[in-house]
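# Fold and contact review
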Amino acid sequence: MRRRQGEFRRSARRKWPNVVWWTVCGTVVLLFIVIFSKESQIESRPPSRKNYFRHDRILEGVNITDEMLSPSSVTRQLSDQISLAKAFVVIAKESNNLQFAWELSAQIRNSQSLLSDAATRRVPLTTRESDTAIRDMAILLYQAQQFHYDSATMIMRLKAKIQALEEQMSSVSDKSSKYGQIAAEEVPKGLYCLGIQLTTEWFANSNIQRKINGRAQIAAKLRDNSLYHFCIFSDNILATSVVVNSTAINSYDPKRVVFHVVTDEINYAAMKAWFTMNDFQGVTVEVQKFEDFKWLNASYVPVLKQLQDSETQNYYFSGHNDEGQTPIKFRNPKYLSMLNHLRFYIPEVFPALKKVVFLDDDVVVQRDLSALFSIDLNGNVNGAVETCMETFHRYHKYLNYSHPLIRDHFDPDACGWAFGMNVFDLVEWRRRNVTSIYHYWQERNVDRTLWKLGTLPPGLLTFYGLTESLDASWHVLGLGYTNVDSHLIEKGAVLHFNGNAKPWLKIGMEKYKPLWEKFIDYTHPLLQQCNFH
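Heads up: these notes are all about the structure in this document. Computed from a prediction, not measured in an experiment: that's the story for all the values here.

This part is about the overall build of the chain. The secondary structure content of the chain amounts to 23 helices and 10 strands. Counting all 533 residues of the chain, 43% fall into the buried class. In the chain, the proportion of contacts linking residues at least 24 apart, taken out of those at least 6 apart, comes to 74%. When the accessible area of the chain is evaluated, it comes to approximately 30,600 Å², of which 54% is carbon and sulfur surface.

Written as structure tokens, this is what we have:
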């Protein structure tokens, strides 16, 4: 009996732990249900205003600029790597290492993709996200340094590249200058043909010469100072014709206009024939050749004296004495042409005249010029339009101020002016003996140390302190080498095609050619024979 009671007690002890176990499980389930219901309530409850501000602050915090400025920013590190890698890509391609350039480009795209994703999410990149990309790029950049793609090498290579490009550009510029100069000095076939046709006509047609001899009244006009006297020194028949024709068309009283044309012996007959055969609305035209001037000799004219010097001849005509160091434009023999330098002898060429307007053969007249003869030059000899609106056209740009003769006598900032349309008071010129001033400076520039080329530098010296400034609308320059304001062209009295791009050449500026060509009658039989169109 006792054993049975003991067995009964052991069974009761075994049941008791089961009850405890089930109780604990039930409690856990109830707690889980309570917690779950609370989380559901939290999720279903609308977020508070404070949480909204916090959320917005997080979004606003993803600012790329701040990220880039932060020294510990992963974004900044990636961006720096990309910038450096792009430079290495260029160097690798130049070194013909295309495989390495491709690897760098692929890694650049990978890094850019990471940055793009971060910007889209508006969440800063983490170290875990970017670690692989940064490490892979670092390896490639290290390899670039092994290929000598470091910054110092890049700088040296870029300097060498820049130097090579500068040398190439200089070579191309020199060639362009030479070819442009050759093209500018070219005599078009049409002009050559016209000269031959007119010369033939002059000697074959006696009626032309009789026509000239019959103009007895012309001689009186040539010395009449109440008329408007213009002078041109040129060997270009067509260009001279355009100057005369444009002046005649725009003149209020063409019959009071007198043109004095001086040419050389080669073109004398052709020039005489052209202005005899054609009428220019009653304008009087006189043609002379400078070879007939008895006073024009080497003992009086420095330029003629220089032409007899062997060194000068070698400089201008051989081109081999300085191994090509002097630009070709400085060696153009036209700068020793008497037709270029006759402008300094106008009182000797026209001894009976008191005032004259000098015109270059590359100008076009758009207005009546009679008002020029009533302008008061205030005791000066030369009336000209100043060109010092820019610093390029001041004295120091034309003359050698390292030479004491120039440095001691002339203000380097003095305003330059232009030949091409000038009013000369010949009475004052003779009184001041201006031609002797020109001779003084020309004789001291035999070695070309005071100035290099042209007639403008000696003109600036000769007429220094003797020039009266004219209104800029009287003379508009630049149509032969640059773009000119259309308003200036419209208002200009005289348009000057100074520069190499003359309107009668193929290299002339097309947009300005019509301003010149409208004064040519292309239906003229001789022009048609010579294929002018």
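The subject of this paragraph is the sheet that holds strand S1 (residues 228-233). The mixed open sheet is built from seven strands, whose spatial order is S3-S2-S1-S4-S7-S6-S8. Whereas interior strands pair on both sides, the edge strands pair on one side only; in this sheet they are strand S3 (284-289) and strand S8 (467-469). Averaged over all neighbouring strand pairs, the angle between strand axes comes to 25°, with direction disregarded. Across two bridges, the pairing between S1 and strand S4 (residues 355-359) is parallel. Each residue of the ladder has a partner; that of Phe230, found in S4, is Val357. Packed on one face of the sheet, helix H11 (residues 237-250) meets S1, strand S2 (257-263), S3 and S4 and runs near 175° to S2. With respect to the sheet, helix H12 (residues 265-277) is in contact with S2 and S3, its orientation differing from that of S3 by roughly 165°.

Position of Ile208 relative to the elements: it lies in helix H9 (residues 206-213). Look at Ile208 and you get buried, because its relative accessible area is 6%. Placed 66 residues apart in sequence, Ile208 and Trp274 show a C-alpha to C-alpha distance of 9.7 Å. Ignoring anything within four residues of it in the chain, the contact list for Ile208 reads Glu201, Trp202, Ala273, Thr276 and Met277.

Thresholds, definitions, all that
- Residues numbered from 1 in each chain as written.
- Predicted model: local features only at pLDDT ≥ 70, side-chain atom pairs only at ≥ 80, totals over all residues.
- Heavy atoms only, no water.
- Helix = DSSP H or I, 4+ residues; strand = E, 2+ residues; numbered from the N terminus.
- Buried < 20%, exposed > 50% of the residue type's maximum accessible area, 1.4 Å probe, protein only.
- Contact = heavy atoms within 4.5 Å.
- Areas by Shrake-Rupley, 256 points an atom, 1.4 Å probe, with all protein chains shown as cover.
- Pairing = 2+ DSSP bridges.
- Axes fitted to C-alpha atoms, helices over the stretch in contact; angles between N-to-C directions.

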